[in-house]
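One-letter residues, chain by chain:
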Amino acid sequence: MTKQAKLENLKAQILKDDVCPELAGAATQLVFGYGNPDAQIVFVGEAPGKNEDLKGLPFVGAAGKFLDEMLATINLKREDIYITNIVKYRPPNNRDPLPEEKSAFLPYLQQQMAIIQPKVIVTLGRHSMECFLPGLKISEVHGQAKRKNGQVYLPLFHPAAALYNGGMRQTLLDDFATIPAVIEAISN
Ligand code: URA
């Protein structure tokens, strides 16, 4: 079975398992993920917002536009990578996802990563980092590649947080610029 087919099955499984029915009931649709199932890099955000909920795609609002700009600085397009979120339904009024919502989706996120088998998982923001690398402080470890159980992670600030904060924006751009070297180091 192709990775794409396995991902389709996983998406169907989330619907069948009725994960987070309250979130599902309030959301327009499941936002499973987008991009190349054979990608070397996967980006994991927090949860869909309003635009993502309407379109059924991750990172299509202002934060997504900034993400596209950053990808372009390292010569990548959305089609080259894969993007998803921890929580796959929009939380009402864009509130932070609850711990139980993150835990409910975690096994599916782990399966999604196991199917794609990326070289590096780039976590966007604190919530995403804590799913994979609990106990770390994003202010201390952003931009530093970490290896855990054979998987390389690169924790970055969330593009939405950096959007209107000049200092953080530059930090995020600088951290982003390290991605090619991280991939290169893993490949060698
Ligand atoms: N923020 C996220 O964390 N994910 C999205 O898909 C959009 C905005």
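The notes below deal with the structure included here. By convention here, each chain's residues receive numbers from 1 onward along its written sequence. In keeping with the predicted nature of the model, local features appear solely for residues at pLDDT of at least 70, side-chain atom pairs appear and are counted solely at 80 or more, and the whole-chain, interface and lining totals rest on all residues. Excluded from the side-chain calculation are hydrogens and water; included are all heavy atoms of the structure.

### Digging into the site of the ligand
Argument step 1. Close to the ligand lie Gly45, Glu46, Ala47, Glu52, Pro58, Phe59, Asn85 and His158, which account for all nearby residues.
Argument step 2. Think of a polar contact as two N or O atoms within 3.5 Å of one another; within protein, one of them needs to be a possible hydrogen donor and the other a possible acceptor, and neighboring residues in sequence only count if both atoms come from side chains. Contact between the ligand and Phe59: an oxygen atom at 3.0 Å from a main-chain N or O atom of the residue.
Argument step 3. A distance of 2.7 Å separates a nitrogen atom of the ligand from a polar side-chain atom of Asn85.
Argument step 4. Reported accessibility uses the Shrake-Rupley method at a 1.4 Å probe radius. Residues are deemed covered only where the shown protein chains occlude them. Contact with the protein chains covers 90% of the free accessible surface of the ligand, which is 240 Å². To be near a molecule or strand, a residue needs just one of its heavy atoms within 4 Å of it.

### Considerations on the packing of helix H1 (residues 3-16) against helix H5 (residues 99-116)
Argument step 1. As a rule, the C-alpha atoms of each element are fitted with a line to give its axis, helices using only the stretch in contact, and angles between N-to-C directions run from 0 to 180 degrees. A helix here means a DSSP run of H or I that spans at least four residues, while a strand means a run of E at least two residues long, and both kinds are numbered starting from the N terminus. Where H1 meets H5, the closest approach of the two axes is 9 Å, and the angle between their N-to-C directions is 170°. Judged by the angle between their axes, H1 and H5 are roughly antiparallel. Every residue of H5 that contacts H1 at Lys3, Lys6, Leu7, Leu10, Gln13 and Ile14 is listed here: Phe105, Tyr108, Gln111, Gln112, Ile115 and Ile116.
Argument step 2. Following the grouping adopted for this structure description, the nonpolar residues are Ala, Val, Leu, Ile, Met, Phe, Trp, Tyr, Cys and Pro, the charged ones are Asp, Glu, Lys and Arg, and the polar ones are all others, Gly among them. The residue inventory of the contact of H1 with H5, partitioned by class, reads 7 nonpolar, 3 polar and 2 charged. For this classification, under 35 degrees means roughly parallel, over 145 means roughly antiparallel, 65 to 115 means roughly perpendicular, and everything else is oblique. We call two residues in contact whenever any of their non-hydrogen atoms come within 4.5 Å of each other.

### Some words on the packing of helix H4 (residues 62-73) against helix H9 (residues 166-176)
The relative placement of two packed helices comes down to the angle between their axes together with the axis-to-axis distance.
Argument step 1. With their axes 9 Å apart at the nearest point, H4 and H9 run at an angle of 40° to one another. Taken together, the axes of H4 and H9 lie oblique to each other. Regarding H4 and H9, the two cross each other, and that crossing is right-handed. Touching Phe66, Leu67, Glu69, Met70, Leu71 and Thr73 of H4 are Arg169, Leu172, Leu173 and Phe176, all from H9.
Argument step 2. The residue makeup of the contact of H4 with H9, split by class, is 7 nonpolar, 1 polar and 2 charged. Here a crossing is called left-handed whenever its near helix is offset anticlockwise from the far helix by less than a right angle, and right-handed whenever the offset is clockwise.

### Examining the nonpolar core
Argument step 1. Among buried residues, the Ala, Val, Leu, Ile, Met, Phe, Trp, Tyr and Cys ones that are joined through side-chain atoms within 4.5 Å form a nonpolar core. The classification of residues rests on relative accessible area computed with a 1.4 Å probe and restricted to protein chains. Under 20% of the type maximum is buried, over 50% is exposed, and intermediate values are partly exposed. Core analysis: the largest hydrophobic core is formed by 56 residues, its most contacted members being Phe43, Val122, Phe132, Phe176 and Ile179.
Argument step 2. If sequence neighbours within four positions are ignored, Ile179 has contacts with Ile41, Phe43, Ile74, Val122 and Leu154.

### Looking at the sheet that holds strand E4 (residues 120-124)
Argument step 1. Spatial strand order, E1-E3-E2-E4-E6-E5: 6 strands in an open sheet with mixed pairing. Strands at the two margins of the open sheet, each flanked by one partner only, are strand E1 (34-35) and strand E5 (146-148).
Argument step 2. Here, a strand pair is defined by DSSP locating no fewer than two bridges between the strands. One ladder, built from 4 bridges, connects strand E2 (residues 41-45) with E4; its direction is parallel. In the strand pairing of E4, Phe43 is matched with Val122.

### Quick notes on the side chain of Asn85
Argument step 1. In this fold, Asn85 is placed in strand E3 (residues 82-85).
Argument step 2. Within the structure, the side chain of Asn85 is placed 3.1 Å from the backbone nitrogen of Glu46, a separation counted as a polar contact.
Argument step 3. Setting aside residues no more than four positions away along its own chain, Asn85 makes contact with Val44, Gly45, Glu46, Ala47, Pro48, Pro58, Phe59 and Leu109.

### Quick word on the pattern of salt bridges
Side chains carrying opposite charge are able to pair once their charged atoms draw close together.
Argument step 1. For this analysis, a salt bridge means a side-chain nitrogen from Lys or Arg found within 4 Å of a carboxyl oxygen belonging to Asp or Glu. One pass over the structure, following the stated rule, counts 4 salt bridges.
Argument step 2. Close ionic contact of Arg78 with Asp68 constitutes a salt bridge, the shortest N to O distance being 2.7 Å. With Arg78 in the loop between H4 and E3 and Asp68 in helix H4, the pair connects residues that are 10 residues apart, well separated along the chain.
Argument step 3. Overall, the relative accessible area of 12% leaves Arg78 in the buried class.
Argument step 4. Overall, Asp68 belongs to the partly exposed group, its relative accessible area being 32%.
Argument step 5. The salt bridge partner of Arg169 is Glu69, with a shortest N-O separation of 3.5 Å. Highlighted residues: Arg169 in helix H9 and Glu69 in helix H4, separated in sequence by 100 residues.

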